[in-house]
Amino acid sequence: MRAQRTTRTVTAGLLTGAALFAPAAMASADEKAPTEAGTAFRTATAIEQGHKATADASTGDYLYWQFPAGAGQKATAKATVTLPEASARHGSATWQLDVFDGLRRRQACTSGEQTKRAAQQDASVTLTCTLRTVRPWSERWANDPLPGAYYIRITVVDAPDRDLGLPVKAEAEATAEDVGGERAEGGELGAPLHAAAVAEPDSGWNGGWFTSRWAWTVGGAVLGALAAVGGYTLTRHPRRR
């Protein structure tokens, strides 16, 4: 009985401790999320992968954030703009999300809706852009995505003149999926592009050392060795007495 009571007491203490630390952890994560955006590349606000950033702005402003992406990662940028009250607007508006690399080269989206027209009665508009997989290196003339900082820019590109200046609330988030094993390539960039203001990804700027190529190489070697042993066993001559 005493052992059971002790176990119950310890369990209750652990649950209580978890309940106390959970809000603290959530608060810590919320504190890392920026509540403003830059107005140009130089003043772009840095955000971490998986963290959401918010900003209060006006219709017509350019909003900039920057996030890190390493080799072998496929990054996705997402932004949601909460629009002014429908009664305050005078028509529909087109919003656009653009993503640039560390050299400020506009990157193509492989999927997502980076330009969207919001009707006057819409309360918000959501934009997304999934980039190509970041390469560890590239030729100078190529426009391939490389390790380093990436910039998110959102703005309205078409709206009634009388709606410019109306208050909006923007939310931005950048996530990344590691697909390095499928896109592993030789070579390595000397340094990440303009990444002084952003945190290095968990897998590093140049990706992890283990890729699916290692698995295929080791697996092929093992299968080759087994085939050689099996072939020798089947073809060897029986011993003579």
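Residues numbered from 1 in each chain as written. Predicted model: local features only at pLDDT ≥ 70, side-chain atom pairs only at ≥ 80, totals over all residues. Heavy atoms only, no water.

### Points about the overall build of the protein chain
- If you tally the helices and strands in the protein chain, you get three helices and ten strands.
- Moving toward the C terminus, one meets the helices and strands of the protein chain in the order α-β-β-β-β-β-β-β-β-β-β-α-α.
- The buried share among the 241 residues of the protein chain stands at 36%.
- Across the protein chain, contacts joining residues at least 24 apart in sequence account for 73% of those joining residues at least 6 apart.
- With an accessible surface of roughly 14,900 Å², the protein chain has 55% of that area assigned to carbon and sulfur atoms. (Helix = DSSP H or I, 4+ residues; strand = E, 2+ residues; numbered from the N terminus. Buried < 20%, exposed > 50% of the residue type's maximum accessible area, 1.4 Å probe, protein only. Contact = heavy atoms within 4.5 Å. Areas by Shrake-Rupley, 256 points an atom, 1.4 Å probe, with all protein chains shown as cover.)

### With respect to the pairing of strand S3 (residues 63–69)
- Within S3, seven of the seven residues are buried, which leaves it mostly tucked inside the rest of the structure.
- A two-sided burial pattern is seen for S3, the buried positions comprising Leu63, Trp65, Phe67 and Ala69 on one face and Tyr64, Gln66 and Pro68 on the other.
- Looking at chain direction, strand S1 (residues 45–46) and S3 are connected through two bridges and run parallel. Residue pairing in the sheet places alanine 46 in a bridge with glutamine 66 of S3.
- Pairing of S3 with strand S9 (residues 148–158), which is carried by seven bridges, proceeds in the antiparallel orientation. Directly across from leucine 63, in S9, lies its bridge partner isoleucine 154. (Pairing = 2+ DSSP bridges.)

### Here we look at the sheet that holds S9
- Pairing within the open sheet is mixed, and its five strands lie in the order S1-S3-S9-S5-S7. Among the strands making up the open sheet, the edge pair consists of S1 and strand S7 (115–118).
- Both strand S5 (residues 93–100) and S9 contribute to a ladder of seven bridges, which runs antiparallel. Within the sheet, the bridge partner assigned to tryptophan 95 lies in S9 and is valine 156.

### A look at the state of the cysteines
- Here the structure, examined in full by the defined rule, presents one disulfide.
- Residue cysteine 109 pairs covalently with cysteine 129 via a disulfide, S to S 2.0 Å. On the sign convention where negative is left-handed, the bridge of cysteine 109 and cysteine 129, at about -100° about the S-S bond, is left-handed. Taken as a pair, cysteine 109 in strand S6 (residues 109–111) and cysteine 129 in strand S8 (residues 124–131) lie far apart in primary sequence, 20 residues in all.
- According to the relative accessible area criterion, cysteine 109 is partly exposed, its value standing at 24%. (Disulfide = S-S within 2.5 Å.)

### Comments concerning the environment of alanine 119
- Along the polypeptide, alanine 119 turns up in the loop between S7 and S8.
- In this structure the C-alpha to C-alpha distance between alanine 119 and alanine 86, which are 33 residues apart in sequence, comes to 9.1 Å.
- Not counting the four nearest positions on each side in its chain, alanine 119 is found in contact with Arg89 and Ser92.

Take it as geometry only, folks, not as evidence of what the structure does.
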